[in-house]
Amino acid sequence: MTFGMGVLKGMIVTLKNFVTSYFCKRNEGGIFTIQYPEEREKTAENFRNFPFLVHDGSLEKIRCVACGICERECPTKCIHVEMATDAFGKPARKPAVFDIDYGLCMNCGMCEEVCPFDSIFMDHAFEVSAAERQVNLIRHKADLAKPNSYFQKERPTLAAIIDQKRKAADEKKKAATQPATPQEPK
Amino acid sequence: MEILSFLAKFGIYAVMLAILIFALGVVTLRNLFHCALCLAAALIGTAGIYVALQADYLAAVQILLYVGGVITLVIFAIMLTEHLAGKTVRQNNSQSPLAIVGSLGFIILIGTLIVKTPWPVNPVALKAKASVLELGQALMGTYVFPFEIISIVLIAALIGTVVIAKKDPQ
Amino acid sequence: MQDLGASINMIFVTAKAWFLSLLGLFLPDWVIVLASIVVSGVVILCLGPVIMMYLTLLERKLIGRIQNRYGPNRVGIWGLLQPIADGIKMFTKEDIIPANADKIVHLLAPIVTVVPALMIFVVVPFGTQMTAVNLNIGLLYFIAVSSITILPIFMGSWASRNKYSLLGGMRTAAQMISYEIPMTLAVVPAIMMSQSLSTNTIVLSQAGSHGLNWFIFTPWGIVGFIVFFLCATAECNRPPFDLPEAESELVAGFHTEYSGMKFALFYMAEYMNAFTLCALAATLFLGGWQGPFLPSWVWFFGKTFILICVMIWFRGTFPRFRVDHLMAFAWKFLLPLTLINILITALCYFASPLVGWLLSLGILAVSFSILVKLNRTFVPEKRDYLFAD
C-alpha cells in the first residue's frame, strides 16, 4: 500500500488548498492575492519610491535652500537645481528651478540621506506611469513640493522625529536671540 | 432517394480517385516524407472503400494497424536515418525507356488476366455475416491453428528485436 | 408526464426530430435524410470548440484556486467571457512560418490534428439513445481514430525544420504510441463483460436495479478504470505526462513554431481529446448515462465533468515525468497490469461473485507487488564522506 501513498497525499494537499481558498481569510490559508485596481496593499512606512519636497504651509516656505548637495550626490544625475536670486541679484536661499527626471530616478534614496535641511524625502506613490518619457516624467518644483501634513501622514515616525528636532532647534534659536535675563543679586 | 444513392456512388468514386492520386504521389514525389504522408492518405482511403463495402471491422483494423502502426514505423525510419533530411530523390534515370517498356508489358499481361478471368461471386459469400462475433468465433474455432502460429511468429519477432537492439555487455 | 420525462431524457433526439419536422414541411425527402446527417455534424462541430473554450476557463480557475489565487475574473463575471477574449487574440495573431519550413505540411499538421479529435465525438453516448451514430464497432472506431492522432505530430515537428521541435515530436509520438497499448488493453475487460463493441450497449449493460451496476464496482473495473484514466491523461499530453510540450524543457516541443490560429487548433485538439477521453472513461467504467432519478444526459455530463476536474487536479499537483520514467511506466508496469486484468476479468466471468472477488484480489496483490519490486529504481548506496562533519 505504500506504493501510491505519496501520490494520494499530494492530491489531498491540493484538495485542501482548493477548499480552503473558498472559506479561509487571507492570513489563514485562503487566497492571498488582492484585486488590484479596487483594493491596494498597504505599503510599509519606509517603502521608498520617487522623491518629493517638503514645505511648511505654502510654496514660499519650502524647506529646500538649493544647496545642490542632492544634485551632486545623485548617482543618475536626475536632479537639477537652480538657486533663486532676490531683487538685488544676491542668491536667495530658495530654489528657482527644482526638476527631477522620474525616468532616470532609481529610487535609491541617497538624496534623502544627504540632505542637511530635511527637505527631500522619498514618497510612497508608485502609480506614476506615463505615456511619454520626456513630457510627463519630468517633475517640477510645483509638483514635487508637498505640505508637511502630507509628510506626517505618509511617514509618521520620521516626520515626528524631524518635527521634534526642528522645534528644539527653533526653541534654542529663540532662546539664543532673547536678551539675557538679569541675574538676581546674590 | 435516387439522388442519395447517386451521391453515395459519386463519393465512392471520388475516394477511389483520391487513392489513385495519392498512390501516384507516393512514387513520384521528391521529398521522402511527403511520400510517406501520401501513403498514409492512400491507406485511409482504402479504409473508406472497406466501409463502403460494409466491412466496418476491417476498415477500423486497417486504420489501426496500417496508419497507426506501419506508417508510424516508416516515418520513424525516415526521421532517424541520417542525411535523409530534406534530401530529394531523383525522379528519372538513364534506364527509363527500358523501364517503361517493361511496365507496359506487365500492365498488358495483368490486364488480360483480369479481363479473361471469370469472377463469379460465391453465393455463400454473399450471405456471410462479418460481424465481430462471427470473426471471433472463426478465429477461435475453425482457424485456431493459423492464429496460434501467427502469434508465435509475432512473439519470435518481438524477442528477436529486443535481442538485436540490446547493447553488448562489454 | 411520462412522455415529458422521456422527451427530456432524450432531449437532443427530440430537438433534432422537431427541427427536421420543421424542415420536412417544405423540403423533399432526400434532403431530410441529408439534413439529419448534416445537423448532427454541425452540432458536433459547434459543440467541440465551445466545450474546449470553457474547459480552458475551468482549468485556469481551478488551477488558480489550487494555487491560492483567483483565476481569470476580469473579463465578464467570473471570467466567463475570457475564452472569447482568448479566441479573439488567437485569431488576430500574426501567423509566422519559418523560412525553411515545409509550407504545405506546416499548414496541414494542425488541421489533421483537429479532425480525429472531432471524429471521436461521434461515438460518445450523451444520453439514452443519444449517440450521434450508433456504430457496431464504436470502441474499435475510437481506438483506430485515436491512433491517427500520432501522424500530425510527426508532420508538425518535421515541417518546422527545427531540431528541438523534431526532438519534442519524437518524444511525443513515442509517448503516445506507448500509452495507446495499455489504453486499448484496459478497455478489453469492458468489452468482454458487455459482449459488444458498441458504446451504447456497454452503457446499457451497466444498468442494474437503479442504474448503479457500474463496472467500476468490480475488481477488474477498478484496475481497468485507473489504467485507462492514466493512459488517457498521457494520450492528451496533459501534466504530469506533458514532457513534450513543457515550456521549460523544449520550448513547447512540436508546436514551437506555430502561432496564431494554427496553435489554437493544436490547443483545441488537446482539450477536445481530454474531453472525449474523460467521456469514454465515464462510459466504459462509470456507467455512462446510467443513474437514478436525473435525466441521462445530466448524469453523463456530471460524470465527465468530475473526471475532467480530476485531470485538472492532476495538473495542479504533480511534477513532470522524466522521459525514461514515462516509457518505463507504460511498458513495464501498465502493460503487464492490463494483461493480468484481462485474466481476472475472465475469472470473474466464470466464477461466482465472492470467489471471483477473492481470487482477483489475491492475484492482483501478488502481481502488483511483483511489478513494483521489478520496477524499483536504482538507488545507490550511501557514500562515506571523509571530510564532512
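Because the structure is a prediction, the values reported are computed rather than measured.

Undergrad: What's the story with the interface of chain B and chain C in this structure? I'm lost.
TA: The accessible area lost on association of the parts is a frequent measure of interface size. Contact residues are listed per partner, giving 19 residues for chain B and 22 residues for chain C. Looking at the side of chain B that touches chain C, the elements that each hand over two or more residues are helix 1 (2-28), helix 2 (32-52) and helix 3 (56-80) of chain B.

Undergrad: Would you mind showing me how to read the packing of helix 2 of chain B against helix 3 of chain B here?
TA: Each pair of packed helices can be described by the angle between their axes along with the distance between the axes. Residues and elements named next belong to chain B. Taken N-terminus to C-terminus, the directions of helix 2 and helix 3 make an angle of 175°; their axes are 8 Å apart at the nearest point. Taken together, the axes of helix 2 and helix 3 lie roughly antiparallel to each other. Contacts between helix 2 and helix 3 involve Leu32, Phe33, Ala36, Leu39, Ala40, Leu43, Ile44, Thr46, Ala47, Tyr50 and Val51 from the former and Asp56, Leu58, Ala59, Gln62, Ile63, Tyr66, Val67, Ile71, Val74, Ile75 and Ile78 from the latter. For the contact of helix 2 with helix 3, the class distribution of residues is 19 nonpolar, two polar and one charged.

Undergrad: What should I look at first to understand the sheet that holds strand 2 (residues 79-85) of chain A in this one?
TA: Pairing between sheet strands relies on hydrogen bonds along the backbone, with the strands arranged either parallel or antiparallel. On the basis of which strands lie adjacent, the open sheet formed by three strands has the order 2-3-5 (chain A) and antiparallel pairing. Bordering the open sheet on either side are strand 2 and strand 5 (138-139) of chain A, each of which pairs with just one other strand.

Undergrad: Which parts of the structure should I look at to understand the interface of chain C and chain A?
TA: Taken together, the contact between chain C and chain A spans 10 residues of the former and 10 residues of the latter. Of all the secondary-structure elements, those providing two or more residues to the side of chain C that touches chain A are helix 3 (29-66) and helix 13 (296-317) of chain C. In terms of residue count, helix 13 of chain C provides more of the side of chain C that touches chain A than any other element does, three residues in total. Considering only residue class, the side of chain C that touches chain A consists of five nonpolar, three polar and two charged.

Undergrad: Honestly, the arrangement of the chains in this entry has me stumped. Any pointers?
TA: The interface with the highest contact count, out of two pairs of chains in contact, is the one between chains B and C. With no contact between them, chain A and chain B keep their nearest C-alpha atoms 29 Å apart.

Undergrad: Explain the sheet that holds strand 4 (residues 120-122) of chain A to me, please; I cannot follow it from the model alone.
TA: Residues and elements named next belong to chain A. If you walk across this open sheet you meet the three strands as 4-1-6, and the pairing is mixed. Looking along the sheet, the strands with just one partner apiece sit at the ends: strand 4 and strand 6 (145-147). This sheet shows a mean twist of 50° between the axes of neighbouring strands, independent of strand direction. Relative to strand 4, strand 1 (residues 51-55) runs antiparallel, the two being bridged by three bridges. From the neighbouring strand, Phe52 faces strand 4, where its bridge partner is Phe121.

Undergrad: Explain the domain arrangement of chain B to me, please; I cannot follow it from the model alone.
TA: Domain annotation for chain B reports domain 1 (1-88) and domain 2 (119-170). Relative to domain 2 of chain B, the C-alpha centre of domain 1 of chain B lies at a distance of 23 Å.

Undergrad: Can you help me understand the packing of helix 10 (residues 219-235) of chain C against helix 14 (residues 323-350) of chain C in this one?
TA: Residues and elements named next belong to chain C. Where helix 10 contacts helix 14, the axes come no closer than 9 Å and their chain directions differ by 150°. When the axis of helix 10 is compared with that of helix 14, the two are roughly antiparallel. For the crossing formed where helix 10 meets helix 14, the hand is left-handed. Two secondary-structure elements touch here, helix 10 through Pro219, Trp220, Val223, Gly224, Val227 and Cys231 and helix 14 through Leu334, Leu337, Thr338, Asn341, Ile344, Thr345 and Cys348.

Undergrad: Is there a simple way to think about the confidence of the model for chain B in this case?
TA: In low-pLDDT regions, the fine details of the predicted coordinates are not to be read closely. The pLDDT averaged across chain B works out to 87; a share of 91% of its residues lies at or above 70. Across the assembled chains, the prediction reports ipTM 0.86 with pTM 0.87.

Undergrad: Which parts of the structure should I look at to understand unusual backbone geometry?
TA: When glycine is set aside, most residues are seen to have a negative phi, and most peptide bonds are trans. Cis geometry marks the peptide bond from Pro239 of chain C to Pro240 of chain C, where omega comes out at 0°. Looking at where Pro240 of chain C falls in the secondary structure, it is placed in the loop between helix 10 and helix 11 (247-250). One non-glycine residue, Asp118 of chain A, lies in the positive phi region at around 50°. Position of Asp118 of chain A relative to the elements: it lies in the loop between helix 3 (110-114) and strand 4. For Gln195 of chain C, which is not a glycine, the phi torsion comes out positive at approximately 60°.

Undergrad: Sorry, what's going on with the pairing of strand 2 of chain A here?
TA: Here is the key point about a regular strand: its side chains alternate between the two faces of the sheet. Residues and elements named next belong to chain A. Where strand 2 and strand 3 (residues 91-101) come together, six bridges link them in antiparallel fashion. When the bridges of strand 3 are listed, Val81 appears paired with Phe98. Linking strand 2 to strand 3, which pair antiparallel, is a turn of five residues; within it Gly89 sits at a positive phi near 90°.

Undergrad: Could you clarify how one ought to interpret the nonpolar core in this entry?
TA: Generally speaking, nonpolar side chains in soluble globular proteins are found buried as a group. Of all hydrophobic cores here, the largest spans 113 residues; its most connected members are Ala40 of chain B together with Phe228, Cys231, Cys278 and Ala281 of chain C. Ranked by residue count, the leading element in this core is helix 12 (residues 261-285) of chain C, at 18 residues. Excluding residues that lie within four positions of it along the chain, Ala40 of chain B makes contacts with Val67 and Ile71 of chain B together with Leu151 of chain C. Among the nonpolar cores identified, the runner-up in size contains 23 residues, and Ile62, Cys74, Ile79 and Val81 of chain A belong to it.

Undergrad: Mind showing me how you'd approach the pairing of strand 1 of chain A here?
TA: Residues and elements named next belong to chain A. Counting buried residues along strand 1, five of its five residues qualify, which places the element largely inside the surrounding structure. Residue alternation in strand 1 divides its side chains into two sets, Pro51, Leu53 and His55 and Phe52 and Val54, and both sets are buried. Looking at chain direction, strand 1 and strand 6 are connected through three bridges and run parallel. Within strand 6, the residue paired with Val54 across the bridge is Lys146.

Cut-off values and rules
Residues numbered from 1 in each chain as written. Chains lettered and ligands numbered in written order. Predicted model: local features only at pLDDT ≥ 70, side-chain atom pairs only at ≥ 80, totals over all residues. Contact = placed C-beta atoms within 7 Å. Helix = DSSP H or I, 4+ residues; strand = E, 2+ residues; numbered from the N terminus. Axes fitted to C-alpha atoms, helices over the stretch in contact; angles between N-to-C directions. Parallel < 35°, antiparallel > 145°, perpendicular 65-115°, else oblique. Nonpolar A, V, L, I, M, F, W, Y, C, P; charged D, E, K, R; others polar. Pairing = 2+ DSSP bridges. Domains from an automatic or database assignment. Left-handed = near helix turned anticlockwise from the far one by under 90°. pLDDT = per-residue confidence, 0-100. Core = buried A, V, L, I, M, F, W, Y, C linked by C-beta atoms within 7 Å. Buried ≥ 20, exposed ≤ 12 C-beta atoms within 10 Å, placed from the backbone.

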